[in-house]
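An overview of the molecular structure
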Amino acid sequence: MDVNEYIASGILELYVAGQLSEKENSEVYTLAMEHPEIAAEIESIEAAVLDLARTAAPSQKPEFESLKNRLPLQDDTKVVTIAKKDTNWTAYLGWAASLLLALGLFWVYNQNSELKSRIEVANQENRKLEQQIAESDTSLEKSRTLLQTIRDKDITVVPLGGQKVSPESYAKAYWNKKEQKVFIDAQGLPDPPDGMVYQVWSLKVDPLTPTSMGILEDFVSDDNKVFALANPNDSEAFGITLEPAGGSVSPNLEQLYALGAVSS
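What this report covers is the structure whose coordinates are included nearby. What you see is a predicted model; the values in this text were computed from it and never measured. (Residues numbered from 1 in each chain as written. Predicted model: local features only at pLDDT ≥ 70, side-chain atom pairs only at ≥ 80, totals over all residues. Heavy atoms only, no water.)

Details of the overall build of the protein chain
Helices and strands together make up the secondary structure of the protein chain, namely 6 helices and 8 strands. Reading the protein chain from its N end, one meets helices and strands in the order α-α-α-α-α-α-β-β-β-β-β-β-β-β. Looking at the protein chain as a whole, 28% of its 264 residues qualify as buried. Within the protein chain, contacts between residues separated by at least 24 positions form 62% of all contacts whose residues are at least 6 apart in sequence. (Helix = DSSP H or I, 4+ residues; strand = E, 2+ residues; numbered from the N terminus. Buried < 20%, exposed > 50% of the residue type's maximum accessible area, 1.4 Å probe, protein only. Contact = heavy atoms within 4.5 Å.)

Pasting the structure below:
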């Protein structure tokens, strides 16, 4: 920590003025114990405030001889005239200086609060940018993995055509039997309604036996619309149906959006 910069920040004036929170007071006290320069500065500020206070309310002790000369003699009953006391301009100046100090400390406190607010906003923007970079890196890695999968000589590409419920829909499955993994390119499917999800099925044709491969998570927010699913099955076809959130045990064939057979 730069001690000189800390002293120049104005926080020590707020500490002496009692304008800090309990936590901030504790932090200043700890630093004063660790750094003699900070402790000396606090003492200097306190001394300056005390000097101002003395100037604002000076202690004036009356002199006895002067007081005695103003009193009448025992046998003299004359009326004593009390002279009008001169205005104590020094006291007024002291109070003005104290007021200026208080205003200065309040200004420093507000400046520090505004600076802290700006720093917090900057930190939030940095965290948001870091998140965007992380998401971009994830998306890029996902694209690279897909390209490697598509270019693999052992890959099986299965086009999935639109069905009765949505003839214009389409999708594509990239199946790597060796790695037991399927990439579903679902760019040709419409966004599912609220409370519904797309579920992918591995199908045996005769007899028709569907096995769920999973749902397409976060479909709407996924810009690439490419999803990786495990597939240990000996698939003869792939289908995509619209199901209630969380998926179903068996497919709703009335909501079959895309279907495609694996080439033999």
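Looking at the pattern of salt bridges
Enumeration according to the criterion identifies 2 salt bridges in this entry. A salt bridge links K204 to D234, with the nearest nitrogen and oxygen atoms 3.9 Å apart. With a gap of 30 residues between them, K204 in strand β4 (residues 196-204) and D234 in the loop between β6 (226-230) and β7 (237-244) connect regions that are remote in the sequence. When its relative accessible area of 57% is taken as the criterion, D234 is described as exposed. Here E236 makes a salt bridge to K204, at a shortest N to O gap of 3.2 Å. Taken together, the residues E236 in the loop between β6 and β7 and K204 in strand β4 connect sequence positions 32 residues apart. Three or more residues joined by partner-sharing salt bridges are found here, namely K204, D234 and E236. (Salt bridge = Lys/Arg side-chain N within 4 Å of Asp/Glu carboxyl O.)

Section: the sheet that holds β6
Here 8 strands make up an open sheet; going across it, the order is β5-β4-β7-β8-β1-β2-β3-β6 and the pairing antiparallel. Every other strand in the sheet has two partners, leaving β5 (209-215) and β6 as the edge strands with one partner each. Here the average twist between neighbouring strands, direction ignored, is 25°. In this sheet, strand β8 (residues 256-261) lies alongside strand β1 (residues 155-162) in antiparallel orientation, the contact comprising 2 bridges. What sits directly across from G162, in β8, is A258. (Pairing = 2+ DSSP bridges. Axes fitted to C-alpha atoms, helices over the stretch in contact; angles between N-to-C directions.)

Remarks on the packing of aromatic side chains
Overall, the coordinates contain 4 aromatic pairs when judged by the stated rule. Their ring planes at 90° and their centres at 5.6 Å tell us that W175 and F238 sit as a pair that is edge-to-face. Of the two residues, W175 sits in strand β2 (residues 170-176) while F238 sits in strand β7, which places them 63 residues apart along the sequence. Aromatic ring contacts, followed pair by pair, group Y198, F219, F227 and Y257 into a single cluster. The lysine or arginine in question, K225, covers the ring of F219, its NZ or CZ lying 5.1 Å from the ring centre. (Phe/Tyr/Trp six-rings, centres within 6.5 Å; stacked < 30°, edge-to-face > 60°. Lys NZ or Arg CZ within 6 Å of the ring centre and 35° of its normal.)

A few points about the environment of K225
Its place among the elements puts K225 in the loop between β5 and β6. A relative accessible area of 9% means that K225 is categorised as buried. On a C-alpha basis, the gap between K225 and A186 in space is 5.4 Å, while along the polypeptide they are 39 residues apart. Among the polar contacts listed, one links the side chain of K225 to the backbone oxygen of D222, at a separation of 2.6 Å. (Polar contact = N/O pair within 3.5 Å; in protein donor to acceptor, adjacent residues only side chain to side chain.)

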